[in-house]
Amino acid sequence: MRMRKKPNLVPRMERCAEYLIRQPAEQWGHWRDLFASDCPLWLEFGCGKGRFTCGTAAAEPEALVVAVERVPDVMVIAMERAKAAGLPNVRFLDADVARLRDYFAPGEADRIYLNFCDPWPAARHAKRRLTHPDFLMLYRDVLRGGGQIYFKTDNHNLFEWSLFQFPKAGFKLSEVTRNLHEDGVRGIMTDYEEKFYNLGTPINRCVATKLPTAPLPVQAHTEREEKTPE
């Protein structure tokens, strides 16, 4: 469903201007200069309304959290959340994840969060999934050695498909669960996650750690491998 156009979007974003990085390429290799030279740098792709972003930044005040969101009408809500909470360690980008190498230097990031990304179930759209090996290779480039990807989704089929993609890009899986909150809420939720948790929908989660060895060349995928049923 398309996000309804926010009234007064531009002035609202201007009021939170200190949180928006307008020229991310200019920060290439120097993101920590925005906060602290030795801080962990964590990236979130698709931050939505920013509940997870701001909750994580508040819980981990020593880390710089950089959230990427391509929909300004929803990103402004996240920016307003950060401003209302007075968080010094959050920044936002209205940018395309496919251009990640233009914004972040090799090995610059410590962690990446992928929360409830679009499953793109049709086989012809497989390369749009943020856990497709093409994207995972981008993440590998900007992550330091031993850097990690934290992946959460309510979509069982996307999760099962993704578990086969991480090793292809040189990541080792751990903490694999298909019902993260089975024994009570674990970690910081997104707004979307809370909605589906309350409906009883299991949340899938895993951690993928960058291995030091280069991955094998990614083979062409068959239609069966690419397809994620709805």
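Below: a short report on this structure. Remember, predicted model here, so these are calculated numbers, not experimental data.

Some points on the overall build of the protein chain
So, step 1. In terms of helices and strands, the protein chain carries 8 helices and 7 strands.
So, step 2. Scaling as 2.2 N^0.38, a compact globule of 230 residues should have a C-alpha radius of gyration of about 17 Å, and the protein chain matches this with 17 Å.
So, step 3. Taking the principal axes of the C-alpha coordinates as reference, the protein chain spans close to 50 × 40 × 35 Å.
So, step 4. A buried classification covers 48% of the 230 residues belonging to the protein chain.
So, step 5. Here the contacts in the protein chain between residues at least 6 apart in sequence split such that 78% fall between residues at least 24 apart.
So, step 6. Accessible surface, the protein chain: about 11700 Å² in total, of which carbon and sulfur atoms supply 51%.
So, step 7. Where the 33 positive side-chain charges of the protein chain centre and where its 31 negative ones centre are 3 Å apart.

Thoughts on the sheet that holds strand β1 (residues 41-45)
So, step 1. One open sheet holds the 7 strands; their spatial order is β3-β2-β1-β4-β5-β7-β6, and the pairing between them is mixed. The sheet is open, and its two borders are formed by β3 (90-93) and β6 (171-177), each paired with just one other strand. Recorded for the sheet is a direction-independent mean angle of 20° between the axes of neighbouring strands.
So, step 2. In this structure, strand β2 (residues 64-68) lies alongside β3, joined through 4 bridges in parallel fashion. Looking at β3, one finds that Val 65 is bridged to Val 90.
So, step 3. Running at roughly 170° to β2, helix α2 (residues 51-59) makes contact with β1, β2, β3, β4 (109-115) and β5 (143-153) of the sheet.
So, step 4. Its contacts with the sheet place helix α6 (residues 156-168) against β5, β6 and β7 (204-210), and it is angled at close to 150° to β6.

Quick notes on the pairing of β4
So, step 1. Buried residues dominate β4, accounting for 7 of its 7 residues.
So, step 2. Bridge count for β4 against β5 is 6 bridges, and the pairing is parallel. When the bridges of β5 are listed, Ile 112 appears paired with Ile 149.

Points about the layout of surface pockets
So, step 1. Of the voids in this model, the largest pocket is the one considered here, and its volume is about 1500 Å³.
So, step 2. Along the wall of the largest pocket there are 40 residues; nearest its centre are Gly 48, Glu 69, Val 71, Phe 116 and Asp 118.
So, step 3. Mapped onto the lining of the largest pocket, the elements with two or more residues apiece are β1, α2 and α7 (191-198).
So, step 4. The element contributing the most residues to the lining of the largest pocket is α7, with 4 residues.
So, step 5. In the lining of the largest pocket, the residues fall into 20 nonpolar, 7 polar and 13 charged.
So, step 6. Considered as a void within the structure, the second largest pocket measures approximately 300 Å³ in volume.
So, step 7. In terms of lining, the second largest pocket is formed by 15 residues, of which the most central are Phe 52, Tyr 113, Gly 187, Ile 188 and Arg 205.
So, step 8. At the level of secondary structure, the elements contributing two or more residues to the lining of the second largest pocket comprise α2, β4 and β5.
So, step 9. Within the lining of the second largest pocket, the residues separate by chemical class into 7 nonpolar, 3 polar and 5 charged.

Reading guide: rules and limits
Throughout, a residue's number is its position along its own chain's written sequence, starting from 1. Whole-chain, interface and lining totals are the exception, using all residues; otherwise, since this is a predicted model, local features are given only for residues with pLDDT of at least 70 and side-chain atom pairs are given and counted only at 80 or more. Neither water nor hydrogens contribute to the side-chain values; these are computed over all heavy atoms in the structure. Numbering of helices and strands runs from the N terminus; a helix is a DSSP stretch of H or I covering at least four residues, while a strand is a stretch of E covering at least two. Just to be clear, the radius of gyration here is over C-alpha atoms, and the globule rule we use is 2.2 Å times residues to the power 0.38. Relative accessibility thresholds used throughout: buried, under 20% of the residue-type maximum; exposed, over 50%; partly exposed, between the two (1.4 Å probe, protein chains only). By definition in these notes, contact holds between two residues if any of their heavy atoms fall within 4.5 Å. Methods summary: accessible areas were calculated by the Shrake-Rupley approach with a probe of 1.4 Å, and residue burial reflects only the protein chains presented. Charged-residue counts in this description rest on Lys and Arg as positive and Asp and Glu as negative, His and the chain ends being excluded. Working definition for charges: the position is that of NZ of Lys, CZ of Arg, CG of Asp or CD of Glu. The pairing criterion for strands is at least two bridges between them, as found by DSSP. Here an axis means a line fitted to C-alpha atoms, over the contact stretch when the element is a helix, while the angle between two N-to-C directions is reported on a 0 to 180 degree scale. Within this scheme a cavity is a closed region of a 1 Å grid, computed over the protein atoms alone, that accommodates a 1.4 Å probe without allowing it to escape, whereas a pocket is open but has protein on both sides within 12 Å along at least five of seven lines; lining residues each have an atom within 4 Å of a point. Grid points are joined across faces, edges and corners, and a volume is the space filled by probe spheres set on the points. Note that Gly is not counted as nonpolar here; it falls among the polar residues with everything else outside the nonpolar set of Ala, Val, Leu, Ile, Met, Phe, Trp, Tyr, Cys and Pro and the charged set of Asp, Glu, Lys and Arg.

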